[in-house]
Amino acid sequence: MACLKEDPILRSNDIKEDSEETEPKDKVREEGGVREMVLPAGNSIHRSGSRPQLDLSGAAIQGNNFEERHPTILLPNQSDDISHLALDIGGSLIKLVYFSRHEDRSIDDKRKRSIKERLGVTNGNRRSYPILGGRLHFVKFETSKINECLDFINSKQLHRGGMDSRLWLSEAPPSDDVIIKATGGGAHKFADLFKERLGVSIDKEDEMDCLVAGANFLLKAIRHEAFTHMEGHKEFVQIDHNDLFPYLLVNIGSGVSMIKVDGDGKFQRVSGTNVGGGTYWGLGRLLTKCKSFDDLLELSQRGDNRTIDMLVGDIYGGMDYSKIGLSASTIASSFGKTISENKELEDYRPEDISLSLLRMISYNIGQISYLNALRFGLKRIFFGGFFIRGHAYTMDTISFAVQFWSNGDAQAMFLRHEGFLGALGAFMSYEKHGLDDLMVHQLVERFPMGAPYIGGRIHGPPLGDLNEKISWMEKFVQKGTEITAPVPMAPSGTTGLGGFEVPSSKGDTLRSDASALNIGVLHLVPTLEVFPLLADPKMYEPNTIDLADPSELEYWFTVLSEHLPDLVDKAVASEGGTDDAKRRGDAFARAFSAHLARLMEEPAAYGKLGLANLLELREECLREFHFVDAYRSIKQRENEASLAVLPDLLMEIDSMNEETRLLTLIEGVLAANIFDWGSRACVDLYHKGTIIEIYRMSRKKMQRPWRVDDFDIFEERMLGSEDKKPRPHKRALLFVDNSGADVILGMLPLARELLRRGTEVVLVANSLPALNDVTAMELPDIVAEAAKHCDILRRAAEAGGLLVDAMVNIQDGSKDSLSSVPLMVVENGCGSPCIDLRQVSSELAAAAKEADLIILEGMGRALHTNFNARFKCDALKLAMVKNQRLAEKLIKGNIYDCVCRYEPAP
């Protein structure tokens, strides 16, 4: 029967980056741009006396420059000390999972506390970059080199809580009650060795229990853990937690086990086969003399199985056997052609042997798996184990088998941490509860600098600080290392197996690790929630522009590339133009260009790609090189200029009648939205006039009808008719866009009008800077300045807790302020020009619960994303289109056309 504990061996140098890790002098370790505080020696760790509590809420993948194929997993809410490692010791490989801790920086202030109290938010912390509480690392060793594993554990003092070994006194005696979790046959075989070398006892966990627990954890906790792979195309699959069970888990180690999983802790091994990864490696080693599993896989990429396999066409004179649906290229018998040929083993190419062997085993595993799924009525099959190894052709052959034999009814899916299920399950056994609380929407994916390079796999010591990262970037670029797509698309072959044609992902240059998925850094932000006003969160798709179209992809990549020099100039200037800033700016430009090049060659490298993802990637790349707010000084100048003319604008608006005033306010929002440093056309305008001149010019162009013009419907809802006045909205959420004129001369006057009508107003702004967008941290000061010239804004701001100091000075007789509807500010939970409403801050989610009007303003939030979004309440989407391509694609219009789209509540 199948043997789960034996898996193919990986290269021993795959763990070089961990074994060579060093600690900076200040006892702060930084890996992949994430700072990790080294624990002080005084912090003891709980041992076996009572099992420590492992807080799994909001776990997330944390990929980095060094562990791209098996990125770490964040545990941001972990607080109790825990045993810091667990192992799966198989016959071929040792898989180790260990925990490291990270600090969580949060910011709070009086205004924020006031808003939280009003909204009833008790657990919200201002999102910082990054928020990390802990993470899980994944490392592998050959079992035959177990002493390297023991040395690694000892060097990091993982068996003593992961503390810096230099902080430990050499004479300190080892504790006799240290227990670590382990599974696999080696947990029994090497127990004495662990006791002798490390002074620890092995607590043995059941293999199947660990395997299933690890798979369930990943499928529930990680948004992009599962994916399909057909003909070189990778597509991530979002698993509905309510529809996860039952499923078939196929673990391909040396042998194969097939497990029907019905729930947490509910499973049954229903089948298996002794023909698995060990068979491929063993026969391949005998027949080709390859020394490693990866070398054998590499050979298969250059193989042609037609010299070895007997095809249907070989039997029927090159013809199909159409009566039973077999093409001439179908493999009738693996290795069958060698029977009738007078050749010896050395007469056959090792490459052809490896490919034929790989197909024979992979197709049969796929077929047997489907038959077992059919037996139990399962349509979802997950494949794991080190046989797969992220190898594109292996995944394609298995996928073809499942698709062919099921006539497309069943689907093969693969797991990101395919080889670490057992070790992860052993780690989870420290505390078997908490899985039900995991929330996928609490994960935010980031892509670090190393992601585009060599599939994200970089060997050597970790980069201790930003300077080392930049130095690495400079040296790497100087060498001219080529950035290659992970799955070169070569012309498809003509042979197949069991009715399958050769997957088109096979190519002469495909490396055995070339299809490694670039899952980046999935930061855990415990305070993120799904926006409660989405009409159907499961059907919601934020991106409006589909970059699956190659022409769209090329166009937007060109736009971003052309904008890059200006962005670098702004970023360097924001840091004072120092030599250090210039060096960081150059490194940012190189890194972002590398990301674009990588995605141009394979758009699916970072998962599903939309325009919003590209814009988010750019902002994160800026922050990675410590450019916190590239447009800081520009925003300050524009805010000052706009605030200077705001009193005159408000006086002009107040002189109008109700109908004229509402139209003027909407025109003002559209006109002011022209101030967008993310638009090339607008940047050109900035060089030709002042902010006020541009605003006046834009106002003059506000002639109706607009390209999308639902103003009359919105006006009727707001003003009604002479004999019937509608009730005012209870609360309006205004998603603001740019600093300067956009928010001060556009959105603030509109907010003021809503307040005048008795509607509570919540201004929703970015948590982090992005281009010249205003942030939630900046808005209160802007409102405070505006309130100096407007009693309506002042009273509302005081009531909403924005003017904390002013609240103290309110006179007892000031009844107006006590009865005024509030003006509040909340952060949206992101730092991008766009917004994904599946992940918003807890403050925004709380504010939305009583809202009955949403106003989305600007290209990023109303056009690039959410143009097609539907809500449970009234929604108004306002934007000036500042890109000709977007205007043509989205509204069949031209640049500077306006969008006023109103959608009443269903």
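This one's a predicted model, so the numbers in the text were calculated from it and none came from an experiment.

*Asks:* Explanation requested: the side chain of asparagine 673 in the structure shown.
*Replies:* Relative to the helices and strands, asparagine 673 is located in the loop between helix H18 (658-672) and helix H19 (680-686). Here aspartate 742 takes part through its side chain, which lies 3.1 Å from a polar atom of the side chain of asparagine 673. Leave out the neighbours within four places in its chain, and asparagine 673 touches Asp737, Asn738, Asp742, Glu857, Gly858, Met859, Ala879, Met880 and Lys882.

*Asks:* Which parts of the structure should I look at to understand the packing of helix H14 (residues 550-574) against helix H16 (residues 611-624)?
*Replies:* How two helices sit against one another is set out by the angle between their axes and by the gap between those axes. One way to put it is that H14 packs onto H16 with a least axis distance of 12 Å and a crossing angle of 25 degrees. Put simply, H14 runs roughly parallel to H16. Seen along the crossing, H14 lies across H16 with a hand that is right-handed. Note on element contacts: H16 touches H14 through Leu611, Leu614, Leu615, Arg618 and Leu622, opposite Trp556, Phe557, Leu560, His563, Leu567 and Ala571. Looking at the contact of H14 with H16 residue by residue, the classes come out as nine nonpolar, one polar and one charged.

*Asks:* Mind showing me how you'd approach the packing of H14 against helix H29 (residues 884-891) here?
*Replies:* Contact geometry for H14 and H29: axes closest at 11 Å, N-to-C directions at 150 degrees. Between H14 and H29, the interaxial angle falls into the category roughly antiparallel. Mapping the contact onto sequence places Ser551, Glu552, Tyr555 and Trp556 in H14 and Arg885, Leu886 and Lys889 in H29.

*Asks:* How should the sheet that holds strand E24 (residues 760-765) be read in this particular structure?
*Replies:* Within a sheet, neighbouring strands are paired by backbone hydrogen bonds and run either parallel or antiparallel to one another. A sheet is described by the order of its strands in space; here seven strands give the open sequence E22-E29-E28-E27-E23-E24-E25, paired in mixed fashion. Strands with a single pairing partner mark the edges of an open sheet, and in this sheet they are strand E22 (708-709) and strand E25 (823-827). As defined by bridge partners, strand E23 (residues 731-735) adjoins strand E27 (residues 853-857) across four bridges and the pair is classed as parallel. For leucine 733, the partnering residue across the bridge sits in E27 and is isoleucine 854. Along the sheet, H18 makes contact with E27, strand E28 (874-880) and strand E29 (898-903), crossing E28 at roughly 45 degrees.

*Asks:* What is the right way to read the nonpolar core from this model?
*Replies:* In globular proteins that are soluble, nonpolar side chains generally tend to be buried together. Core analysis: the biggest nonpolar cluster contains 60 residues, and Ile666, Leu734, Leu763, Leu823 and Ile855 have the highest contact counts within it. Among the elements that make up this core, the one with the highest residue count is helix H22 (residues 741-756) (10 residues). With sequence-adjacent residues up to four places away left out, leucine 734 is seen in contact with Met747, Ala751, Leu754, Val761, Val762, Leu763, Val764 and Ile855. Listed in part, the 57 residues of the second largest apolar core include Val178, Ala182, Tyr247 and Met428.

*Asks:* In this structure, what is going on with the pairing of strand E11 (residues 233-236)? I would like to understand it.
*Replies:* It is a general feature of regular strands that their side chains alternate between the two faces of the sheet. Of the two faces of E11, the one lined by Lys234 and Phe236 is fully buried and the one lined by His233 and Glu235 carries no buried residue. In this structure, strand E10 (residues 226-230) lies alongside E11, joined through four bridges in antiparallel fashion. When the bridges of E11 are listed, methionine 230 appears paired with histidine 233. Between E10 and the antiparallel strand that follows it, E11, lie two residues; glutamate 231 among them carries a positive phi value of about 50 degrees.

*Asks:* So what exactly am I meant to see when it comes to the environment of isoleucine 792 here?
*Replies:* Its place among the elements puts isoleucine 792 in helix H24 (residues 791-799). Distance in space between the C-alpha atoms of isoleucine 792 and leucine 823 is 9.8 Å, their sequence separation being 31 residues. Among residues more than four places away in sequence, those in contact with isoleucine 792 are Arg752, Leu755 and Arg756.

*Asks:* Hey, could you run me through H16 in this one?
*Replies:* Two residues of an α-helix separated by three or four positions point the same way, owing to the 3.6 residues in each turn. Helix length check: H16, at 14 residues, gives a terminal C-alpha distance of 20 Å against a target of 20 Å (1.5 Å per residue), a fit within 8%. Most of H16 is tucked away, with 13 of its 14 residues classed as buried. Backbone geometry just after H16 places histidine 626 at a positive phi near 65 degrees.

*Asks:* Help me understand helix H5 (residues 191-198), please; the structure alone is not making it clear to me.
*Replies:* Those residues of H5 that fall on the buried side of the exposure criterion are Ala191, Phe194 and Leu198. The buried residues of H5 occupy an angular sector of 65 degrees when the element is viewed end-on, so they sit on one face. Across from the buried face of H5, at angles greater than 90 degrees, the exposed residues are Asp192 and Glu196. In this structure, the buried residues of H5 make contact with strand E5 (85-89), helix H3 (146-156), strand E8 (179-183), helix H4 (186-189) and strand E9 (201-204). Backbone geometry just after H5 places glycine 199 at a positive phi near 70 degrees.

*Asks:* What should I look at first to understand the sheet that holds E10 in this one?
*Replies:* Pairing is mixed in the open sheet, where seven strands are placed in the order E11-E10-E18-E17-E12-E13-E14. Unpaired on one side and paired on the other, E11 and strand E14 (266-273) mark the two borders of the sheet. Across the sheet, the axes of successive neighbouring strands diverge by a mean angle of 30 degrees, strand direction being ignored. Inspection of the sheet shows strand E17 (residues 380-384) paired to strand E18 (residues 411-415) by four bridges, in the parallel sense. Looking across to E18, one finds that phenylalanine 382 is bridged to methionine 413.

*Asks:* What should I look at first to understand the packing of aromatic side chains in this one?
*Replies:* Each aromatic ring pair is described using two quantities: the centre-to-centre distance and the angle formed by the ring planes. Applying the stated criterion to the full structure yields 16 aromatic pairs. Taken together, a centroid distance of 6.1 Å and an interplanar angle of 80 degrees make the contact between phenylalanine 531 and phenylalanine 735 edge-to-face. Of this pair, phenylalanine 531 sits in the loop between strand E21 (528-529) and H14 while phenylalanine 735 sits in strand E23; the two residues are 204 residues apart in sequence, bridging distant segments of the chain. For phenylalanine 531, a relative accessible area of 1% corresponds to the buried category. With relative accessibility at 1%, the residue phenylalanine 735 sits in the buried group.

*Asks:* What is the right way to look at the environment of glutamine 884 in this model?
*Replies:* By the element assignment, glutamine 884 lies in helix H29. Once the C-alpha coordinates of glutamine 884 and asparagine 894 are considered, the two residues, 10 residues apart in sequence, prove to be 5.6 Å apart. Ignoring anything within four residues of it in the chain, the contact list for glutamine 884 reads Gly893, Asn894 and Ile895. Here the side chain of glutamine 884 touches asparagine 894 through a polar contact of 3.2 Å, side chain to side chain.

*Asks:* When you look at a nonpolar patch on the surface in this model, what are you seeing that I'm missing?
*Replies:* Taken together, Ile315, Tyr316 and Met319 make up a surface patch of nonpolar side chains, about 320 Å² in accessible area. Within the fold, isoleucine 315 resides in helix H9 (residues 312-315).

*Asks:* Would you explain the pattern of salt bridges in this entry?
*Replies:* Pairs can form between side chains of opposite charge whenever their charged atoms are close. Tallied over the full model, the rule gives 47 salt bridges. Measuring nitrogen to oxygen at the nearest pair gives 3.4 Å for the salt bridge that ties lysine 889 to glutamate 552. Pair noted here: lysine 889 is in helix H29 and glutamate 552 is in helix H14, with a separation of 337 residues, a long-range link. When the shortest N-O distance is used, the salt bridge between glutamate 658 and arginine 757 registers 3.2 Å. Here the residue glutamate 658 occupies a position in helix H18, and arginine 757 occupies one in the loop between H22 and E24, the gap between them amounting to 99 residues. By relative accessible area, glutamate 658 is classed as partly exposed at 26%. Each of Asp654, Glu658, Arg661, Lys725, Arg752, Glu753, Arg756 and Arg757 takes part in salt bridges that share partners, so that together they form one network.

*Asks:* Looking at this structure, I do not really get the environment of alanine 641. What am I missing?
*Replies:* Tracing the backbone shows alanine 641 in helix H17 (residues 632-654). Looking at alanine 641, the relative accessible area reads 26%, which means it is partly exposed. For the pair formed by alanine 641 and isoleucine 744, sequence separation is 103 residues and the distance between their alpha carbons is 9.9 Å.

*Asks:* Looking at this model, I keep getting lost on unusual backbone geometry. Mind explaining?
*Replies:* Glycine aside, residues mostly have negative phi, and peptide bonds are mostly found in the trans state. Residue proline 246 follows phenylalanine 245 across a cis peptide bond; omega there is -5 degrees. Relative to the helices and strands, proline 246 is located in the loop between E11 and strand E12 (247-252). Residue arginine 704 is joined to proline 705 through a cis peptide bond whose omega torsion reads 5 degrees. If you trace the backbone, proline 705 turns up in the loop between helix H20 (691-700) and E22. The phi angle at tyrosine 896 is positive, at roughly 75 degrees, despite the residue not being glycine.

Calculation notes
Residues numbered from 1 in each chain as written. Predicted model: local features only at pLDDT ≥ 70, side-chain atom pairs only at ≥ 80, totals over all residues. Heavy atoms only, no water. Helix = DSSP H or I, 4+ residues; strand = E, 2+ residues; numbered from the N terminus. Polar contact = N/O pair within 3.5 Å; in protein donor to acceptor, adjacent residues only side chain to side chain. Contact = heavy atoms within 4.5 Å. Axes fitted to C-alpha atoms, helices over the stretch in contact; angles between N-to-C directions. Parallel < 35°, antiparallel > 145°, perpendicular 65-115°, else oblique. Left-handed = near helix turned anticlockwise from the far one by under 90°. Nonpolar A, V, L, I, M, F, W, Y, C, P; charged D, E, K, R; others polar. Pairing = 2+ DSSP bridges. Core = buried A, V, L, I, M, F, W, Y, C linked by side-chain atoms within 4.5 Å. Buried < 20%, exposed > 50% of the residue type's maximum accessible area, 1.4 Å probe, protein only. Expected span 1.5 Å × (residues − 1). Arc of directions from axis to C-beta. Phe/Tyr/Trp six-rings, centres within 6.5 Å; stacked < 30°, edge-to-face > 60°. Patch = residues over 30% accessible without salt bridge, like charges linked within 9 Å, V, L, I, M, F, W, Y side chains within 5 Å. Areas by Shrake-Rupley, 256 points an atom, 1.4 Å probe, with all protein chains shown as cover. Salt bridge = Lys/Arg side-chain N within 4 Å of Asp/Glu carboxyl O.

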